[in-house]
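# Structural description and commentary
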Amino acid sequence: MTSPTREDNQKETGSSYDPLFDSDVETEVFEETSSSVDPQLESEADEFTDDGSAREDEAPLVTESATEPEAVDVEVEPSLEPEEELSEPEEKQPFNWRPWVSPVLFALVLLVNYLSATATWLPQTQADVAALYPNLVEPASFTFGIWSVIYGLTILPIVVEFIPLVDRETRDVYKRKIRPFAWLWMVLNIAWIFAWTYEQILLAMVLIFAYGFTLALMTDKLSKIEQSKRKFWFLTLPMSIHFGWMIVANFANLTAMMVDFGFDGIGAMGAFWAVAALTLVMLLGLFFYRSQGTMLVMLPAFWTLIGVIAQQAPTSSYPFANTFVFVASIVLFVLGIVVVTGIELSRRRK
């Protein structure tokens, strides 16, 4: 059984169907339909436009929660970059004047000694004053050249504070053990020269005794350091020789003071006193040699005996040469060599 076709339907309804005009018929039907729908759509569009314009005039309804932003707790992570520390301005350190005292005082010592040796701005030289008090203890003039050695060696401890290569321990030893006493002996040295050149013999005796006592304290403190001989030799060397010469200078100054008080320094009593004084010089030298453990303190004593031997020799030009003092000085020199040698050998055996 077949389904009815379109043509059959048209025949039943009495309508004619022409395939050539079929599309036009459908077009007319579409146009009629669209024309009937368009007015309705336009009216709805107008209503939508009017409604939309009316809504635009109305203020939008906004809730209170929408106007205020919600507070959100946000954890701020600490910055990984280190905070820049505020650098405080560095305070200027005060000028350290102490290291400069020793060089200045030592320069004054050299200057005053030069003035006294040339009698510049001073009434007379040290040798001129010594000639006013003749005695048999005074050695030959060349013996006093030891001052050049002493002053030359004194430069070593003074420059310790200015040499970067010197270790901290050595600098501390100089500051604590030597520097205060160094200032004192330099002042006493200058004061003694003025007192001596102005013939204030008693005052000169007091000053030179304080001078020697200062060096004794300084060398004693230095000798109590265990490594002083090995490590601090440039401190021990000048101080020990200086102190040894001060022992001699004290007896020479004491003899001049005795002559100033009326003692006969070139007679028989003067000869006995000279031998006694030289013996005391050797004994004191040996005492400090044993107590301080350095033979350097004995060197000025031996040097003095050489000067006395040259001064008191029969062939000497010294007008008051004494044979007894000459022979006694030789004996003391030989005995001193024997004793010192024995002490050194016994120490090495230990």
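Residues numbered from 1 in each chain as written. Predicted model: local features only at pLDDT ≥ 70, side-chain atom pairs only at ≥ 80, totals over all residues. Heavy atoms only, no water.

Labelled according to an unreviewed UniProt entry, the protein chain appears under the name Tryptophan-rich sensory protein, originating from Dolosigranulum savutiense.

## Here we look at the overall build of the protein chain
If you tally the helices and strands in the protein chain, you get twelve helices and zero strands. In sequence order, the secondary structure elements of the protein chain are arranged as α-α-α-α-α-α-α-α-α-α-α-α. Across the 350 residues of the protein chain, 38% fall into the buried class. The contacts in the protein chain between residues at least 6 apart in sequence include a share of 75% that link residues at least 24 apart. About 22800 Å² of surface is accessible on the protein chain, with carbon and sulfur atoms providing 62% of the total. (Helix = DSSP H or I, 4+ residues; strand = E, 2+ residues; numbered from the N terminus. Buried < 20%, exposed > 50% of the residue type's maximum accessible area, 1.4 Å probe, protein only. Contact = heavy atoms within 4.5 Å. Areas by Shrake-Rupley, 256 points an atom, 1.4 Å probe, with all protein chains shown as cover.)

## Overview of the UniProt feature "transmembrane region" (unreviewed entry) in the protein chain
UniProt marks residues 100-122, 142-166, 178-195, 201-220, 232-254, 266-289, 296-314 and 320-343 with the feature "transmembrane region" (unreviewed entry), using the numbering shown here. What you have in residues 266-289 is 92% helix and 0% strand, and the ends, taken at the C-alpha atoms, are 31 Å apart. Each end of residues 296-314 is marked by a C-alpha atom, and these two atoms are 30 Å apart; helix forms 74% of the span and strand 0%. (UniProt positions renumbered as here; feature names shortened; annotations may be inferred.)

## A word on the nonpolar core
Membership of the largest hydrophobic core comes to 82 residues, with the highest contact counts inside it found for Met186, Trp196, Tyr211, Leu235, Met246 and Met298. Looking at this core, the element that brings in the most residues is helix α9 (residues 233-260), giving 14 residues. Look past the residues within four positions of Trp196 in its chain and what remains in contact with it is Gln126, Val129, Ala130, Ile201, Ala204, Asn253 and Ala256. (Core = buried A, V, L, I, M, F, W, Y, C linked by side-chain atoms within 4.5 Å.)

## What to know about the packing of aromatic side chains
According to the stated counting rule, one finds 13 aromatic pairs in the structure shown. Measuring from ring centre to ring centre gives 5.4 Å for Phe272 and Phe324, while their planes differ by 55 degrees; the resulting arrangement is tilted. Linking Phe272 in helix α10 (residues 268-292) with Phe324 in helix α12 (residues 323-349), this pair joins segments that are 52 residues apart in sequence. According to the relative accessible area criterion, Phe272 is exposed, its value standing at 54%. On the accessibility criterion, Phe324 (41% relative accessible area) is partly exposed. When the centroid spacing of 5.6 Å and the interplanar angle of 75 degrees are considered together, the rings of Tyr318 and Phe320 count as edge-to-face. By way of ring pairs, the aromatic residues Phe106, Trp147 and Tyr151 are connected into one cluster. Across from the ring centre of Tyr289, 5.0 Å away, lies the NZ or CZ of Arg347, which sits over that ring. (Phe/Tyr/Trp six-rings, centres within 6.5 Å; stacked < 30°, edge-to-face > 60°. Lys NZ or Arg CZ within 6 Å of the ring centre and 35° of its normal.)

## Side note on helix α6 (residues 146-158)
Between its first and last C-alpha, α6 extends 19 Å over 13 residues, near the 18 Å set by a 1.5 Å rise per residue. Along α6, the residues that are buried comprise Ile146, Trp147, Ile150, Tyr151, Leu153, Thr154, Pro157 and Ile158. Along its buried surface, α6 packs onto α4 (98-118), α7 (168-197), α8 (201-223), α9 and α11 (299-312). (Expected span 1.5 Å × (residues − 1).)

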